[in-house]
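A structural walkthrough
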Amino acid sequence: MTDSAPPASDLDLFADQVLVDPYPSYAALRDLGGVVRLPANDVYALTRYDVIRNALGDWESFSSAGAIGFNPMVNEALTGTSLASDPPVHTRLRASLTANLSPRALRGLAGSIDAKADAFVEELVEKGSFEAIDALARALPLEVVADLIGFTGSVRDNMLRWGQAAMQVIGPMNQRTADCFPIAGELYEWCSGVTADDLAPGSVGYGIFEAEARGEIPAGTAGHLIHQYLGAGVDTTIASIGNLVALFAAHPDQLALVRENPSLVPAAFNEVLRYWAPVHAWGRRTTREVEIDGVLIPAGAQVAILFGAGNRDPRHYENPDEFLVERNPIDHLSFGYGPHGCAGQGLARLEAHAVIKALSRRVERLVVGTPVRVPSNITRSIEELPVLEVVPA
């Protein structure tokens, strides 16, 4: 028999203390049910692994069209992007987006990204102490993406603030969102007016305009796709690299395992993504009444997908609160699943794998100060991570 009323919680998903450390809240919500009503945010939160994975795979019931954000302004602004559309529109837009992000297309970048990461780590190890977020977690992705997309001039200087703001405004209309809308607007305005001439010839961004000229994507959408490269990819990759440095500092035994067995590098990054999901919450909207675990989500409801809650679900992962690089959770939820699985995950893996390889080659142990996290609506990242001492390998 179906109980039409899901359990409810008075939790505010976007309260400062929840954003800084959401895992106790995730556990409490999971204990209540796979679907929990959050009146404070007017959402139905999906909390358990199987529930989240099934919803991500069912785009016909859980739509992305005008629904990924938690305020109407951002959903309107994202209309026409592959992030905020469903098949068949999404399929056509994504094909152009992923053409230059497939494993085959990225294969030629692996050597240069490995070299960049190794040079960064070598220099930092020689210094002996440094601030890891600015010096590594931000520095590498910003350089890689700028070169890949073909950004030049002042755009390169604005990438960080634009990328951070683009993720922040996906949250509810709180003060963080309000403060970041003007900055996100700068990115939107630039992407609305960008042309192939603004990008380096031979770059991925230039190629998107060539695809538009050939009619492979709808006219006027090239700028939207470039917006996604910067708006959806940079901030989350920065978060993931910062997280992996912090986790290996806190768990030197796990770094030692990678150093002893370099084939563990991909598994180690999968575990980083599972243990600390870089994205806190992502939106969908139900197109029909949906029954999950004996409760009903009404048609037209805003849904909050909690990747980090699913990644720590003890129903799916044994000892989920332990960080274990040999676990190799290839089915983690942090890159999503289904049609909207992260288009840029191949590039993110190249960058993170390069950092892990460089750290495992050159570092035995990192002695760090207290990581500083600040509340952020969507991306859960470390703001500052002081490395006080490096014990070389």
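Keep in mind that what you see is a predicted model, and the values were worked out from it rather than measured. (Residues numbered from 1 in each chain as written. Predicted model: local features only at pLDDT ≥ 70, side-chain atom pairs only at ≥ 80, totals over all residues. Heavy atoms only, no water.)

**Details of the overall build of the protein**
The secondary structure content of the protein amounts to 16 helices and 10 strands. For 393 residues, the compact-globule formula gives about 21 Å, and the C-alpha radius of gyration of the protein, at 20 Å, lands near that figure. Judged by the C-alpha coordinates and their principal axes, the protein covers about 60 × 50 × 35 Å. For the protein, the residues scored as buried account for 56% of the 393 residues in total. As displayed, the protein offers around 15600 Å² of accessible surface, 52% of which is attributable to carbon and sulfur atoms. Distance from the positive charge centre (30 side chains) to the negative charge centre (48 side chains) of the protein: 4 Å. (Helix = DSSP H or I, 4+ residues; strand = E, 2+ residues; numbered from the N terminus. Rg over C-alpha atoms; globule rule 2.2 N^0.38 Å. Buried < 20%, exposed > 50% of the residue type's maximum accessible area, 1.4 Å probe, protein only. Areas by Shrake-Rupley, 256 points an atom, 1.4 Å probe, with all protein chains shown as cover. Lys, Arg positive; Asp, Glu negative; His and termini not counted. Charge placed at Lys NZ, Arg CZ, Asp CG, Glu CD.)

**A closer look at a negative patch on the surface**
Taken together, Asp50, Glu289, Glu291 and Asp293 make up a surface patch of like negative charges. You can see Glu291 is positioned in strand β6 (residues 290–292). On the accessibility criterion, Glu291 (48% relative accessible area) is partly exposed. (Patch = residues over 30% accessible without salt bridge, like charges linked within 9 Å, V, L, I, M, F, W, Y side chains within 5 Å. Salt bridge = Lys/Arg side-chain N within 4 Å of Asp/Glu carboxyl O.)

**Quick word on the pattern of salt bridges**
Per the counting criterion, the structure on display carries 17 salt bridges. Between Arg315 and Asp313 there is a salt bridge whose closest N-O contact spans 2.7 Å. We classify Arg315 as partly exposed; its relative accessible area is 49%.

**Some remarks on the sheet that holds strand β3 (residues 62–63)**
Here 5 strands make up an open sheet; going across it, the order is β1-β2-β8-β5-β3 and the pairing mixed. One side of each edge strand has no neighbouring strand; the edge strands of this open sheet are β1 (35–38) and β3. In terms of strand pairing, strand β2 (residues 43–46) meets strand β8 (residues 302–305) through 3 bridges, oriented parallel. Bridge assignment links Leu46 to a residue of β8, and that residue is Ile305. Packed onto the sheet, helix α3 (residues 49–57) meets β1, β2, β3, β5 (282–286) and β8 and runs at close to 115° relative to β2. (Pairing = 2+ DSSP bridges. Contact = heavy atoms within 4.5 Å. Axes fitted to C-alpha atoms, helices over the stretch in contact; angles between N-to-C directions.)

**Notes on the packing of aromatic side chains**
Under the definition given, this model contains 9 aromatic pairs. Ring geometry for Trp162 and Trp190: centres 6.2 Å apart, planes at 40°, overall tilted. With a gap of 28 residues between them, Trp162 in helix α9 (residues 154–168) and Trp190 in helix α10 (residues 175–193) connect regions that are remote in the sequence. Comparing Trp162 with Trp190 shows no difference in burial state: the two are buried. For the ring pair Tyr275 and Phe323, a centre distance of 5.7 Å and an interplane angle of 65° mean the geometry is edge-to-face. Here the residue Tyr275 occupies a position in helix α14 (residues 265–275), and Phe323 occupies one in the loop between α15 (307–311) and α16 (345–362), the gap between them amounting to 48 residues. Through pairs of rings, three or more aromatic residues link up here, namely Phe248, Tyr275, Trp276 and Phe323. A cation sits over an aromatic face here: Arg37 above Tyr44, 4.8 Å from the ring centre. (Phe/Tyr/Trp six-rings, centres within 6.5 Å; stacked < 30°, edge-to-face > 60°. Lys NZ or Arg CZ within 6 Å of the ring centre and 35° of its normal.)

**Regarding the sheet that holds strand β4 (residues 130–131)**
Consider a sheet: its strands pair through backbone hydrogen bonds, and that pairing is either parallel or antiparallel. Strand order in this open sheet of 3 strands is β4-β10-β9, and the pairing throughout is antiparallel. Of all the strands in the sheet, the pair left with one neighbour each is β4 and β9 (363–368). With 2 bridges joining them, β4 and strand β10 (residues 386–392) adopt antiparallel strand pairing. Note that in β10 the partner of Glu131 across the bridge is Pro386.

**Focus on α9**
The terminal C-alpha atoms of α9, which comprises 15 residues, lie 22 Å apart, in line with the 21 Å expected from a rise of 1.5 Å per residue. For α9, the full list of buried residues reads Val155, Asn158, Met159, Trp162, Gly163, Ala165, Ala166, Met167 and Gln168. (Expected span 1.5 Å × (residues − 1).)

**Some words on the state of the cysteines**
All chains considered together, the criterion is met by 0 disulfides. For Cys180, which is in no disulfide, the shortest distance to another cysteine sulfur is to Cys191 and amounts to 16 Å. (Disulfide = S-S within 2.5 Å.)

**A look at the packing of helix α11 (residues 204–213) against helix α12 (residues 222–250)**
Taken N-terminus to C-terminus, the directions of α11 and α12 make an angle of 155°; their axes are 9 Å apart at the nearest point. Taken together, α11 and α12 sit at an angle that is classed as roughly antiparallel. Considering only the axes of α11 and α12, their crossing is right-handed. Contacts between α11 and α12 involve Val204, Gly205, Ile208, Phe209 and Glu212 from the former and Ala222, Gly223, Leu225, Ile226 and Tyr229 from the latter. Looking at the contact of α11 with α12, its residues break down into 7 nonpolar, 2 polar and 1 charged. (Parallel < 35°, antiparallel > 145°, perpendicular 65-115°, else oblique. Left-handed = near helix turned anticlockwise from the far one by under 90°. Nonpolar A, V, L, I, M, F, W, Y, C, P; charged D, E, K, R; others polar.)

**Points about the side chain of Arg176**
Examined against the element boundaries, Arg176 turns out to sit in helix α10. A polar side-chain atom of Arg176 sits 2.7 Å from the main-chain carbonyl oxygen of Phe14. With sequence-adjacent residues up to four places away left out, Arg176 is seen in contact with Phe14, Asp16, Leu19, Gln168, Pro375, Ser376 and Asn377. (Polar contact = N/O pair within 3.5 Å; in protein donor to acceptor, adjacent residues only side chain to side chain.)

**Describing the environment of Thr98**
Here Thr98 is to be found in helix α5 (residues 89–99). Residue classification places Thr98 among the partly exposed residues on the basis of a relative accessible area of 21%. Residues Thr98 and Asp313 lie 215 residues apart in sequence; the distance between their C-alpha atoms is 30 Å.

**Focus on the nonpolar core**
Generally speaking, nonpolar side chains in soluble globular proteins are found buried as a group. Leu46, Phe151 and Leu244 are the most contacted members of the largest nonpolar core, which totals 131 residues. Ranked by residue count, the leading element in this core is α12, at 14 residues. Setting aside residues no more than four positions away along its own chain, Leu46 makes contact with Gly34, Val35, Val51, Ile52, Ala55, Phe62, Ile292, Ile297, Val303, Ala304, Ile305 and Leu306. (Core = buried A, V, L, I, M, F, W, Y, C linked by side-chain atoms within 4.5 Å.)

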